[in-house]
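Given next are the chains, with one letter for each unit.
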Amino acid sequence: MNQESMQASAELLDMLMQLLDESTPQELLPRIAKVACQVLHADSAVLEIPAELADEPFRFAYPASVAISSSAVRRAREEKTAVLWNQADGDVDISKSIVKNKLTSIMVAPFRTPSANVVSGFLYLQREARKEPFTEMEKKLFDQFVHVSEKIAFSAYNRQSDRESLDALRGITRKGAIVYSSESMAKMIAKAEKFLALPAPIIIRGETGTGKEVLARWIHSQSPRAEKPFVAINCGAIPENLMESILFGHVKGSFTGAIDTRKGVFEEAEGGTLFLDEIGELPLTMQVKLLRVLQEHHITRVGDNREIPVNVRIISATHVNLEKAIEEHRFREDLYYRIQVMSLDLPPLRERGQDVLLLAEDFAKHYAQEYGLGRFHFSRAAEKALLAYSFPGNVRELENKVQKALVQAEKCIIQPKDLELDVLREKVKESPRTLKESREISDRAVIDSALRDANGNLTLAATILGVDRKVLREIMERLNMKKEEYKKMRN
Ligand SMILES: Nc1ncnc2c1ncn2[C@@H]1O[C@H](COP(=O)(O)OP(=O)(O)OP(=O)(O)O)[C@@H](O)[C@H]1O
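If you're wondering where the values come from, they're calculated on a predicted model, not measured in any experiment.

Caption draft 1: Structural view of the overall build of the chain. Across its full length, the chain carries 19 helices and 18 strands. By the burial criterion, 31% of the 491 residues in the chain qualify as buried. Relative to all contacts within the chain whose residues are 6 or more apart in sequence, the contacts with residues 24 or more apart total 70%.

Caption draft 2: A look at the sheet that holds strand 9 (residues 230–234). With parallel pairing, the 5 strands of this open sheet are ordered in space as 9-12-15-8-16. Both edges of this open sheet fall to strand 9 and strand 16 (342–345), since each of them pairs with a single strand only. In this sheet, adjacent strand axes meet at a mean angle of 20° when their direction is disregarded. Both strand 9 and strand 12 (residues 273–277) contribute to a ladder of 5 bridges, which runs parallel. Bridged to F230 within strand 12 is T273. Sitting on the sheet, helix 7 (residues 212–222) touches strand 8 (202–205), strand 9, strand 12, strand 15 (313–318) and strand 16, and the angle it makes with strand 12 is about 170°.

Caption draft 3: Inspection of the nonpolar core at higher detail. Grouped together as the largest cluster of nonpolar side chains are 56 residues, with contacts concentrated most on I204, A360, L398 and I414. A per-element tally of this core places helix 13 (residues 355–370) first, with 5 residues. Each of domain 2 (175–345) and domain 3 (349–425) gives at least three residues to this core. In this structure I204 touches K212, L215, A216, I315, A317, L344 and L346, once residues within four positions along its chain are discounted. The next biggest cluster of nonpolar side chains, apart from the first, holds 38 residues, and it includes V35, V73, I106 and F145.

Caption draft 4: Molecular detail of unusual backbone geometry. P63 follows Y62 through a cis peptide bond whose omega is -5°. Look at H41: it is not a glycine, yet its phi comes out positive at around 50°. Within the secondary structure, H41 is located in the loop between helix 2 (25–39) and strand 1 (44–49). Phi is positive for H329, close to 60°, though the residue is something other than glycine. For H329, the location among the structural elements is in the loop between helix 11 (322–327) and helix 12 (333–339). The exposure class assigned to H329 is exposed, which follows from the 9 C-beta atoms found within 10 Å.

Caption draft 5: Spotlight on the environment of A364. Here A364 is to be found in helix 13. Along the backbone, A364 and V402 are 38 residues apart, and their C-alpha atoms lie at a distance of 6.1 Å. In contact with A364, other than residues within four places in its own chain, are F376, V402, L406 and I414.

Caption draft 6: Main features of the packing of helix 17 (residues 435–453) against helix 18 (residues 458–465). As a packed pair, helix 17 and helix 18 sit with axes 8 Å apart at the nearest point and diverge in direction by 125°. In terms of orientation, helix 17 and helix 18 fall into the oblique class. Crossing of helix 17 against helix 18: the hand is right-handed. Of the residues in helix 18, those touching helix 17 at V446, I447, A450, L451 and D453 are A461, I464 and L465. Of the residues that constitute the contact of helix 17 with helix 18, the class distribution is 7 nonpolar, no polar and 1 charged.

Caption draft 7: Focus on the site of the ligand. Near the ligand there are 18 residues, and of these G211, K212, E213, V214 and V395 occur at the shortest range. Of the residues belonging to the shell around the ligand, the class tally is 7 nonpolar, 6 polar and 5 charged. For the shell around the ligand, the two domains that each supply at least three residues are domain 2 (175–345) and domain 3 (349–425).

Caption draft 8: Spotlight on the pairing of strand 1. Burial runs high along strand 1: 5 of the 6 residues are buried. Pairing of strand 1 with strand 2 (residues 58–62), which is carried by 5 bridges, proceeds in the antiparallel orientation. In the strand pairing of strand 2, A45 is matched with Y62.

Caption draft 9: Region of the structure containing the pairing of strand 8. Where burial is concerned, the two faces of strand 8 agree: the one with I202 and I204 and the one with I203 and R205 are both buried. As defined by bridge partners, strand 8 adjoins strand 16 across 4 bridges and the pair is classed as parallel. Across the sheet, the residue bridging to I203 is S343, located in strand 16. Judged from the 4 bridges that link them, strand 8 and strand 15 form a sheet pairing that is parallel. Each bridged residue has a counterpart across the sheet, and for I204 the counterpart in strand 15 is A317.

Caption draft 10: Spotlight on the environment of F275. For F275, the position within the fold is in strand 12. On the neighbour-count criterion, F275 (27 C-beta atoms within 10 Å) is buried. Sequence spacing of F275 and H220 is 55 residues, and the spatial spacing of their C-alpha atoms is 9.6 Å. F275 has contacts with E213, A216, F230, V231, A232 and I315, leaving out every residue within four places of it along the chain.

Caption draft 11: View of the environment of I219. Here I219 shows up in helix 7. Expressed as a C-alpha distance, the spacing of I219 and A197, which sit 22 residues apart in the sequence, is 9.1 Å. Ignoring sequence-local partners within four residues, the contact set of I219 consists of A192, F195, L196, I202 and I315.

Caption draft 12: Up close: helix 17. Taking 1.5 Å of rise per residue, 19 residues should cover 27 Å, and helix 17 covers 27 Å from first to last C-alpha, within 8% of that figure. Looking at helix 17, one finds that the buried residues are I447, S449, A450, L451 and R452. Turning to helix 17, the residues buried within the fold contact helix 6 (183–195), strand 16, helix 18 and helix 19 (469–478). Directly beyond the C-terminal end of helix 17, a positive phi value near 50° is found at N455.

Cut-offs and rules
Residues numbered from 1 in each chain as written. Predicted model: local features only at pLDDT ≥ 70, side-chain atom pairs only at ≥ 80, totals over all residues. Helix = DSSP H or I, 4+ residues; strand = E, 2+ residues; numbered from the N terminus. Buried ≥ 20, exposed ≤ 12 C-beta atoms within 10 Å, placed from the backbone. Contact = placed C-beta atoms within 7 Å. Pairing = 2+ DSSP bridges. Axes fitted to C-alpha atoms, helices over the stretch in contact; angles between N-to-C directions. Core = buried A, V, L, I, M, F, W, Y, C linked by C-beta atoms within 7 Å. Domains from an automatic or database assignment. Parallel < 35°, antiparallel > 145°, perpendicular 65-115°, else oblique. Left-handed = near helix turned anticlockwise from the far one by under 90°. Nonpolar A, V, L, I, M, F, W, Y, C, P; charged D, E, K, R; others polar. Near = placed C-beta within 6 Å. Expected span 1.5 Å × (residues − 1).

Note that all results are geometric; they support no functional claim without further evidence.
Here it is in structure tokens:
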């Protein structure tokens, strides 16, 4: 092997190594285009896969606005191999594209299905005029790279479809990073789905670490604003004196330390979604300013008097009871009505039943892969311990416990002791739980959700539940549930 081909093989290996970590096709495909672009020193890349191959058509362009030669793509498909055009080559259509787009050369390869000759998509690279054209050796490397990438991509598709079949068998739903099988989550997601396309603000209520940000990101990704930015800030973590500048930006010299003019998060999120976590922590002075922006749709940077129009969807989140904060004059009622046009209650983990187990399995799989460990299983005893443990609402705590357990576990089997669950927080002391206890837990969860939907109205809640009002009242008495506690909750 000569020096040049040794170097090429090393580069090819390097490219492929970078792809092995990506687990889903959605993560892998953009990476293929980017890695090819980087290692082959191209200025732009496009990877396109039509719908019949993937579930949805896939197109990734880097940079996003790149113009490509469709004649070059057609020729690569006809020739069924990687093809290279340089400025001096004779193909009239392709030369036109090369000159028009100020290029020096183009390489395209068909991106095939695993079943051999069905040409489906393509990977396209081009170099700008100021650079050297691609060489024959680079074309060879590109061809080999595409062959192996196709195989990596298809095993990712297969893994995904295996997982989807298994998920369907077990009644598991995945929405972006959100995983669930419980009714309480399914109900909340069904409600969220109705809000996706609407521009109005949403408020997400839920205890700490229940997935409010994950839910907000998913809503954004499914909304007409998905291509625009999602910007998240935690109102509780920002010092009061910096809050205005972080939200609305500032001009140079407007205060000590303002060495540049800076955009605030409203401008950064332009056209997209701004996630205001812990909105209940926003100081009263800022609440007034935020309300004004929501009403007037423009902001003014600190130290400036120009009004800058903004088009941003607000999703806010809170773990505190905002109604109580209003009563205590810590939160403005007018702002409350502005931000809670549509409201979602994220159930705490303790009300998600078996979700605890599937989240634990997912976290175990994810972190075992990240740490380069093998495949882990939970022992039956560990599963029982997880179900019996009263998580204080918190998916993050579960995630943390599973992470630690992976390090402690022997022979890739997670035992109760590896999870370090606090014995004082066990929901039920005896195991297994009796039928009566388990029925009470599920009765409590459905009644809770119906009362929320009905704003504490017993007749309406009874209708939702399909029982007589008297029967509902009796069950509530037995479970020590009070309708008054639901009067102020709004969905
Ligand atoms: N249903 C879910 N499926 C998978 N992962 C989840 C789910 N809910 C939460 N998580 C994970 O739990 C962790 C906490 O989620 P997130 O940060 O969205 O919670 P939060 O309610 O916004 O927290 P905080 O109250 O601290 O702001 C994240 O790592 C997230 O990926």
